[in-house]
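Notes for the structure review
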Amino acid sequence: MDKLASLLHTTPAIAWMVVKVIIVFAGVMTLAAIWTWVERRGSAMIQDRIGPNRAALFGKIRIIGLAQILADGIKMFFKEDLIPADANKRLFWIAPFLAFVPALIGFAVIPFGKSFVSGGVTYHLSVLDPGNGMGLLYPLAIGGMAVYGVLVAAWSSNNKWGILGGMRASATMVSYEIGLSLAVVTVFMTTGGYDPSEVIGAQGHLPWAWNIVRQPLGFIVFFTCMFAETNRLPFDFAEGESEIVAGFNTEFGSMKYSLLALAEYSHVMTASALIATLYFGGWQVPFVKDPTVMLSVACFLFKMLFFAWVFVWIRWTLPRFRYDQLMHLGWKVMLPLSMTNLVFHAWRMSQGH
Amino acid sequence: MGVVVKKVELSWLDRTYVWPVMKGMSITFGHFIRNLFTTTAKRYTIQYPEMRHEMPAGYRGLHELKRFEDGAIKCVACFMCQEACPARCISIEAEEFSDLNITQGFEEKRPASFKIDMLRCIYCGMCEEACPKDAIWLRNNYEVAAYDRLSMQFGKWDLMNTYADADGKERISQDPTPTVPRRTIVM
């Protein structure tokens, strides 16, 4: 790190920061792109189909269809970029970025591996070091901002299907935010802090001490609300194909559409990382007290990708909810459940557990 | 009159919603695992250029003009198929070809040209049924496509050679002189 820093004429701290930012954001974006392929192949497997397996590098190397991502990317770049005549041009341009950026930067506080000491300096494997004062409140706040991307995309395209989709999605996201936040508050309460490294440290390396075992109810609420937050099936009200054409992205094409789609998958990645951090011990390796850095990173990646796969898996298992059912579930089931969870754990703590 | 909608009473376990979701997920995961460990050849999907569907017997595909063992065409240019064709895609020109006559067991008429417009043909099989000599058959080749309209006009030799490779016969482009009598006529 010192060598790299002197090579670039900066301090090691800045060089390390740059490396982290590149690794994290390039990694999440790559995973999001790969997940579009996983989604298509996975859905095909679940439905007894085959899925995209034809795209090949140089027309020869097939690598089980992974080149599809590249082909799609190139295609998206070279498609005509249409803006509807009555659209609000400025917002129409900004909307994909408003959707994409919050989905990506929510990842910044999540530690994806164990901190290590090298040459007397502690290196933390998260973009924002622990003790930054924001902790896990930051991804929640950013997650709340994601609704702007959907809403602005819907509003600016001046399309009735788009507006319907955007309105439904924003209503969903707002109503599920409360249950989600209360579930997370319970975790903060039992941990005694909201810094992700504290949350991970409090869970320890034994699987039965993880928050999933301590607060299964909270996990169910959090997990369900995450589906609503990421706008994924069974709660994908932003784009109900059978009801409102393509929803909020009806008018979007070429790279703008691609960015909106990537935003969804980046959101899935961030959500999976949050689930792994809050309820499954983050980078903690089960039964290994003091794992090596690489092992902890691998373990975190495994957990995260598993939950990202669960997002895909659930999508192809459950049909879409009806809107009133969704509101019923959000306000009358999820909110009381997370309230119960909060009160129960507050009571337990008052009893000195 | 109203219709009485039967309400399904769910058990408490089903009403939690978590248990049915897990049941559903186990079903989809079963499908996923089964497909993951099935080779592509054994899946339901037929991957077309590499794998082809085996057509059932009696499938009406591309036509073949049949020939005798010595290579002579079976068709006697009677125009029955041309008359029977509802799409009017067959056009035949007849010719006289042999000094040997019917009393000696030889045909004396054959098509000089036998054209089928594959763009018009509806593959109904009426020509096959009309043929008194079993000379035209519809077989199992369903890949009838070309880049231009002209290549969809099938001539006599195209039709005779359609299945030559599949049947292990040699391709011919000339009418051989018949040597063996086709049938013995009891005088």
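The structure reproduced in this document is the subject of the present report. Only a predicted model underlies this, so the values are computations on that prediction, with no experimental measurement involved.

1. Observations concerning the interface of chain A and chain B
With twelve residues of chain A at the contact, the number on the chain B side is 14 residues. Listed by contribution, the elements that provide at least two residues to the side of chain A that touches chain B are α2 (12-46) and α12 (293-315) of chain A. At three residues, the largest contribution of residues to the side of chain A that touches chain B is made by α2(A).

2. Regarding the pairing of strand β3 (residues 109-117) of chain B
All names here are of chain B. Note: strand β2 (residues 90-96) against β3, seven bridges, orientation antiparallel. Along β3, the bridge assignment pairs Ala94 with Pro111. As paired elements, β3 and strand β5 (residues 153-154) share two bridges and run antiparallel to each other. Following the sheet pairing, Asp117 is matched in β5 by Gln153.

3. Overview of the packing of helix α5 (residues 137-156) of chain A against helix α11 (residues 254-279) of chain A
All names here are of chain A. Orientation of α5 relative to α11, taken along the N-to-C sense of each, is 160°, at an axis distance of 12 Å. The angle between the axes of α5 and α11 places the two elements in the roughly antiparallel class. The handedness of the crossing between α5 and α11 comes out as left-handed. Residues Pro139, Ala146, Gly149 and Ala153 of α5 form the contact with α11, whose own contacting residues are Leu260, Ala263, His267, Thr270 and Leu274. When its residues are assigned to classes, the contact of α5 with α11 shows six nonpolar, three polar and no charged.

4. Describing unusual backbone geometry
The phi torsion at A:Asn231 lies on the positive side, around 60°, for a residue other than glycine. Tracing the backbone through its elements, the reader meets A:Asn231 in the loop between α9 (216-229) and α10 (241-244). You can call A:Asn231 buried: it has 27 C-beta atoms within 10 Å. Despite not being glycine, B:Ala77 has its phi angle at roughly 55°, a positive value.

5. A closer look at the sheet that holds β5(B)
Here three strands make up an open sheet; going across it, the order is β2-β3-β5 (chain B) and the pairing antiparallel. The open sheet has two edge strands with one neighbour each: β2 and β5 of chain B.

Conventions we followed
- Residues numbered from 1 in each chain as written.
- Chains lettered and ligands numbered in written order.
- Predicted model: local features only at pLDDT ≥ 70, side-chain atom pairs only at ≥ 80, totals over all residues.
- Contact = placed C-beta atoms within 7 Å.
- Helix = DSSP H or I, 4+ residues; strand = E, 2+ residues; numbered from the N terminus.
- Pairing = 2+ DSSP bridges.
- Axes fitted to C-alpha atoms, helices over the stretch in contact; angles between N-to-C directions.
- Parallel < 35°, antiparallel > 145°, perpendicular 65-115°, else oblique.
- Left-handed = near helix turned anticlockwise from the far one by under 90°.
- Nonpolar A, V, L, I, M, F, W, Y, C, P; charged D, E, K, R; others polar.
- Buried ≥ 20, exposed ≤ 12 C-beta atoms within 10 Å, placed from the backbone.

Distances and angles like these do not, on their own, reveal function.
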